[in-house]
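Spelled out from the first residue to the last, the chains are:
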Amino acid sequence: MLEPSKLSNPCDPAQFGFSTTAELKDLTEIIGQLRATDAVRFGAGIRHDGYNLFVLGSAGMGKRSLVRQLLQEKAVCENKPADWCYINNFAQPHKPCMLKLPHGRGGELQQHMDRLINYLRSAVPAIFESDEFRAKAKAIQKAFGELQEHALLQLKAEAEARGVGLLQTPDGFVFSPLRGNEVISPDEYAKLPEQERTYIEATIVELQEHLENIFSHLPQWRRERSERMRQLNREMMLMTVVHMLDELRGLYSDLPDVLAYFDAVQEDMVNHVDDFRKQEETVSLSGMSIITHQTFHNYQINVLVTNGKDTGAPILGEDNPTYSNLLGRVEYIAQMGALVTDFMLIKPGALHRANGGYLLLDVRKVMMQPFAWEGLKRALQSRQIRIESPGQMYSLISTVSLEPEPVPLDIKIVLFGDRLFYYLLQEYDPDFNTLFKVAADFEEHIERSNESHLLYARLIATLVRRDALLPFDRDAVARVIEYSARLAGDSGKLSMHMRSITDLLHESGYWARQAGRSVVTADNIQQAIGAQIRRQDRVREQLYEAILRDTLMIDTQGAVTGQVNGLAVIQLGSFVFAQPSRITATTRFGKGELINIEREVKLSGAIHSKGILILSAFLASRYARDQPLSLSASLVFEQSYGMIDGDSASLAELCALLSNLADVPVKQSLAITGSVNQFGQAQAIGMVNEKIEGFFDICVARGLTGDQGVIIPAANVRHLMLRQDVIAAAATGRFHVYAIGTIDQAIALLTGLPAGSIDGDGRYPPGSISCRVAARLGELADIGKSLLQK
């Protein structure tokens, strides 16, 4: 029987040298996670392909905040990442160009181009309305007018010299014979000699050819005039643009790519000077004004990512890691019933924003989004971010869209997830091991010591100040540490599940304020723990009520052969409790079969079925070495209507079997839990505190007699962190906890008879449990032999 001092490992408040947590300094170091912190620092520091991080651990441990803290220490010393912009590709507009700029320069370039556009918006129309432009345009028009007029005058003079006049009529130019300076009338022309008429007609034909020759040059002269006008427009535009762009070239003289962009802008502006002479066209549709002609849109800068205000490398998280949220997207605008887009509608993804730094992702959320995991891997493998829709990526659609130039990728991805995800990806994804080479495995628990107690107290003080809670006194801190050990399921360890600890601090602070206190005490901690249980124990309360009403048959007094009180654990979300279960065994002549009734009806898990087979092996190795095991036995959890798994009931099942074979009753005032191996050794199980308290609550409700208790494996003693009411009952002798190492010790406690050890002659002491079992198995073996002889 265990002493009350063994039933818990209390934290002594006297070890603390403070009165409240207000006197403690904040905790700056990370406690108990040396392996994980070394891995994170290594993964963040190494700059080779594939050394991205996967942070393993259960949810609620504070992994993300701890990793972010470690990364911030490194990121603040790193260079700021570059700004990334998309600019118009004037040669191929459907393939926007990428522009890399030093941090902060992307926004500056965008502002400078906007100012240039605003200036040209007013300056260009004014230039083409100026007297200088009008004079030059008039001179060009006059020059080409004089050229046409001079050619016609020469033709007219030549015609008059040959007696033919050039007349202009509403229908065009015509030739007519002259006499002196007068045109000959048709009647007079008819009276002329035939020879003279022949000469005039030949002359007119020749002159007509000359006129047609002049007219054939008119389109060319008009084209030359138009070209001269265009050249004038270009010269006037160039004169205006060069002045402004030269100022910008001086500001960006250290960036060759920007200078090349300015050259392309200058050439395009000069080539499209006519666009600057007209305003943007708009139409009104259903009360909305829609721009139908973007005059200056092509010269804007789409600043995809800028890091001008941040210091060091960026550390970003993405809570909704869809494909487009990770890799970016091209948006569309509906105009006049059609979807249109351009390079200004390219939107960045989380990879763009975190480029040059660190991106924190939840692996479960990434895996749940279609195409997101494959898109992330493709970006890491190619080391570039290519913006394309999944339809384009998988060739599902063939519509015309933008093809932005890929952005070079330099990033550290930090994935957070349960260990199950990590090992499944390692096993089934061939790319995973080459992309995520660093695993940061967070400890679930840390060792308890006076030093860790003080560090935990500083952790509590840090959380209290961060969340603006009332200070905690030393007794409250000690109670939180005890709760943490109970949460860890080990009296020698402390839980690192920060979410549970933080919730307890918040709720304790609430109850302290409700009581009008200025400091949180241990009573408030206990009140918060009790309230947490109360909010979730409806099902437990109903099950216990069924036991107390004998609807579920559980005895806590008396003795019954082949019947043992086992302890089953039920977990509903985060709430875990234990329920006593009646385990019964029957035996008869057979062929060595142990029938697990739960398995027969498919209500037994694999581990539970394994435990039943171990019982068969134990019986055969101990009692039937030299004879057949002529036994058929049945084991069952009575009134159990759901799945049963685990081997923590195998010790109880073996005791029920031995009780039935020996025909010795088992004390129902005791419950037992534990696993057993083929050699009869008791093995540790989980949830030992909940199991003891579950049976204790039933015994308390029926009345403690001083005979009741729970038998546990000795290996579980270090896990005990029982409630104070259980410890108090044990201290007064009203309830007991027994620790055993073998099945022999367990059956002796349950029956009150010695188990018995085999002597040199292969016999067991008379009256012992083993002697009775061996005798019964011998009887069954004799029955088998007699049947064979017949």
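No experiment lies behind these values; they were computed from the predicted model shown.

**Student:** Is there a simple way to explain the overall build of the protein chain in this structure?
**Tutor:** For the protein chain, the count of helices and strands is 26 helices and 32 strands. On C-alpha atoms alone, the protein chain measures out to a radius of gyration of 48 Å, which is more than a quarter above the 28 Å that the 2.2 N^0.38 rule sets for 790 residues. In terms of overall dimensions, the protein chain has C-alpha extents of about 170 × 80 × 50 Å along its principal axes. Split into buried and exposed, the 790 residues of the protein chain put 46% on the buried side. Taking as baseline every contact in the protein chain between residues at least 6 positions apart, the subset at least 24 positions apart corresponds to 76%. Surface accessibility of the protein chain: about 39,100 Å² in total, with carbon and sulfur atoms responsible for 51%.

**Student:** Can you walk me through the pairing of strand β1 (residues 53-56) in this structure?
**Tutor:** A regular strand places its side chains on the two faces of the sheet in alternate fashion. Burial along β1 is two-sided: the face carrying Leu53 and Val55 and the face carrying Phe54 and Leu56 are both buried. Pairing analysis gives 4 bridges linking β1 to strand β18 (residues 412-417), with the strands arranged parallel. In the strand pairing of β18, Leu53 is matched with Val414. Bridging between β1 and strand β19 (residues 438-441) involves 4 bridges; their strand directions are parallel. Bridge pairing in β19 places Leu53 opposite Val438.

**Student:** So what exactly am I meant to see when it comes to the sheet that holds β19 here?
**Tutor:** The strands making up a sheet associate through backbone hydrogen bonding, with each pair oriented either parallel or antiparallel. Across the sheet, which stays open at both edges, the 5 strands sit in the order β10-β15-β18-β1-β19 with parallel pairing between neighbours. Each end of this open sheet is capped by a strand with a single partner; those strands are β10 (315-317) and β19. Neighbour-to-neighbour, the strand axes of the sheet open up by a mean angle of 20°, direction not taken into account. Of the pairings in the sheet, the one linking β10 to strand β15 (residues 358-362) comprises 3 bridges and is parallel in character. Looking across to β15, one finds that Leu316 is bridged to Leu359. The strands that helix α13 (residues 419-428) touches are β1, β18 and β19; relative to β1, the one it contacts most, it runs at about 135°.

**Student:** Whenever I open this one, the sheet that holds strand β3 (residues 97-101) confuses me. Can you help?
**Tutor:** The 3 strands are arranged β3-β2-β9 in an open sheet whose pairing can be described as antiparallel. Each end of this open sheet is capped by a strand with a single partner; those strands are β3 and β9 (302-305). Between one strand and the next, the sheet's axes are offset by a mean angle of 30°, whatever the strand orientation. Pairing geometry for strand β2 (residues 83-87) and β9, over 3 bridges, is antiparallel. For Cys85, the partnering residue across the bridge sits in β9 and is Val303.

**Student:** It is not clear to me how the environment of Thr587 should be interpreted in this structure. Could you clarify?
**Tutor:** Tracing the backbone shows Thr587 in strand β24 (residues 575-589). For Thr587, a relative accessible area of 16% translates into the label buried. Once the C-alpha coordinates of Thr587 and His506 are considered, the two residues, 81 residues apart in sequence, prove to be 55 Å apart. Sequence-distant contacts of Thr587, that is, excluding residues within four places in its chain, are made with Leu631, Ser632, Ala633, Leu657, Asn660 and Leu661. Only 2.3 Å separates the side chain of Thr587 from the side chain of Asn660, close enough to count as a polar contact.

**Student:** Can you walk me through the pattern of salt bridges in this structure?
**Tutor:** Once the charged atoms of two side chains with opposite charge are near each other, the side chains can pair. For the structure shown, the criterion picks out 36 salt bridges. With its nearest N and O atoms 2.8 Å apart, the salt bridge here joins Arg534 to Glu541. The exposure class assigned to Arg534 is exposed, which follows from its relative accessible area of 53%. Here the salt bridges share partners, and the residues they tie into one network are Arg486, Glu690, Glu693, Asp697, Arg723 and Asp725.

**Student:** What should I look at first to understand the nonpolar core in this one?
**Tutor:** One recurring pattern in soluble globular proteins is that nonpolar side chains are buried together. Counting residues in each nonpolar core, the largest one holds 57 residues, and the members touching the most others are Leu71 and Tyr456. Ignoring sequence-local partners within four residues, the contact set of Tyr456 consists of Ile31, Ile481, Ser484, Leu494, Ser495, Met496, Met498 and Ile501. Leu651, Leu654, Val676 and Ile743 belong to the second largest nonpolar core, which has 45 residues in total.

**Student:** Help me understand the side chain of Glu482, please; the structure alone is not making it clear to me.
**Tutor:** In this structure, Glu482 sits in helix α16 (residues 474-488). There is a polar contact of 2.9 Å between the side chain of Glu482 and the backbone nitrogen of Cys11. Residues within four places of Glu482 in sequence aside, it is in contact with Pro10, Cys11 and Met721.

**Student:** Would you explain the packing of aromatic side chains in this entry?
**Tutor:** To describe a pair of aromatic rings, you give the distance between the ring centres and the angle between the ring planes. A complete count under the given rule lists 17 aromatic pairs for this structure. Measuring from centroid to centroid gives 5.7 Å for Phe54 and Phe432, while their planes differ by 75°, and the two rings are edge-to-face. In this pair, Phe54 is assigned in strand β1 and Phe432 in helix α14 (residues 432-435), connecting sequence segments 378 residues apart. The class for Phe432 is buried, based on a relative accessible area of 1%. When the centroid spacing of 5.9 Å and the interplanar angle of 50° are considered together, the rings of Tyr623 and Tyr764 count as tilted. With a gap of 141 residues between them, Tyr623 in helix α21 (residues 606-623) and Tyr764 in the loop between α25 (743-751) and α26 (769-789) connect regions that are remote in the sequence. A residue is classified by how much of its surface remains accessible, and Tyr764, at 14% relative accessible area, is buried. Feature note: the residues Phe54, Trp373, Tyr422, Tyr423, Phe432 and Phe436 constitute an aromatic cluster, connected by ring pairs.

**Student:** Any chance you could explain the side chain of Glu78 here in plain terms?
**Tutor:** Position of Glu78 among the secondary structure elements: in the loop between α2 (63-75) and β2. Residue class for Glu78 comes out buried when judged on its relative accessible area of 16%. Reaching out from Glu78, the side chain makes a polar contact with the side chain of Lys74 at a distance of 2.5 Å. Leave out the neighbours within four places in its chain, and Glu78 touches Arg47, Gly312, Ala313, Gly356 and Tyr358.

**Student:** Help me understand helix α19 (residues 538-548) in this model?
**Tutor:** Considered for burial, the residues of α19 that qualify are Arg540, Tyr544, Ala546 and Ile547. Seen along its axis, α19 keeps its buried residues to an arc of 155°; they face one direction. Buried residues belonging to α19 abut α18 (522-536), β24 and α23 (688-702). Looking one or two residues past α19, Asp550 carries a phi angle of roughly 65°, positive in sign.

**Student:** Help me understand the packing of helix α15 (residues 450-466) against α16 in this model?
**Tutor:** How two helices pack is summed up by the angle between their axes together with the distance between the axes. Close contact between α15 and α16 brings their axes to 10 Å; oriented N to C, the two are set at 105°. Classified by the angle between their axes, α15 and α16 sit roughly perpendicular to one another. Counted together, His453, Tyr456, Ala457 and Ile460 of α15 and Val477, Val480, Ile481 and Ser484 of α16 form the full contact between these two elements. Of the residues contributing to the contact of α15 with α16, the split by class is 6 nonpolar, 2 polar and no charged.

**Student:** Just to check I follow, could you spell out unusual backbone geometry for this structure?
**Tutor:** Glycine aside, negative phi is the norm for most residues, and most peptide bonds take the trans geometry. Notably, Phe371 is not glycine yet its phi reads approximately 70°, a positive angle. Relative to the assigned elements, Phe371 resides in the loop between α10 (363-368) and α11 (372-382). In this model, Met687 sits at a positive phi of 60°, which is unusual for a non-glycine residue. The residue Met687 is located in the loop between β30 (682-683) and α23 in this model. By relative accessible area, which is 38% here, Met687 ends up partly exposed.

**Student:** Sorry if this is basic, but what is going on with the packing of helix α1 (residues 34-45) against α2 here?
**Tutor:** Across the interface, α1 lies against α2 with an axial gap of 10 Å and an inter-helix angle of 45°. Our classification of the angle between α1 and α2 gives oblique. The two elements α1 and α2 meet at a crossing, and its hand is right-handed. Contacts from Thr37, Val40, Arg41, Ala44 and Gly45 in α1 reach Val67, Leu70, Leu71, Glu73 and Lys74 in α2. The residue inventory of the contact of α1 with α2, partitioned by class, reads 5 nonpolar, 2 polar and 3 charged.

What counts, and where the lines are drawn
- Residues numbered from 1 in each chain as written.
- Predicted model: local features only at pLDDT ≥ 70, side-chain atom pairs only at ≥ 80, totals over all residues.
- Heavy atoms only, no water.
- Helix = DSSP H or I, 4+ residues; strand = E, 2+ residues; numbered from the N terminus.
- Rg over C-alpha atoms; globule rule 2.2 N^0.38 Å.
- Buried < 20%, exposed > 50% of the residue type's maximum accessible area, 1.4 Å probe, protein only.
- Contact = heavy atoms within 4.5 Å.
- Areas by Shrake-Rupley, 256 points an atom, 1.4 Å probe, with all protein chains shown as cover.
- Pairing = 2+ DSSP bridges.
- Axes fitted to C-alpha atoms, helices over the stretch in contact; angles between N-to-C directions.
- Polar contact = N/O pair within 3.5 Å; in protein donor to acceptor, adjacent residues only side chain to side chain.
- Salt bridge = Lys/Arg side-chain N within 4 Å of Asp/Glu carboxyl O.
- Core = buried A, V, L, I, M, F, W, Y, C linked by side-chain atoms within 4.5 Å.
- Phe/Tyr/Trp six-rings, centres within 6.5 Å; stacked < 30°, edge-to-face > 60°.
- Arc of directions from axis to C-beta.
- Parallel < 35°, antiparallel > 145°, perpendicular 65-115°, else oblique.
- Nonpolar A, V, L, I, M, F, W, Y, C, P; charged D, E, K, R; others polar.
- Left-handed = near helix turned anticlockwise from the far one by under 90°.

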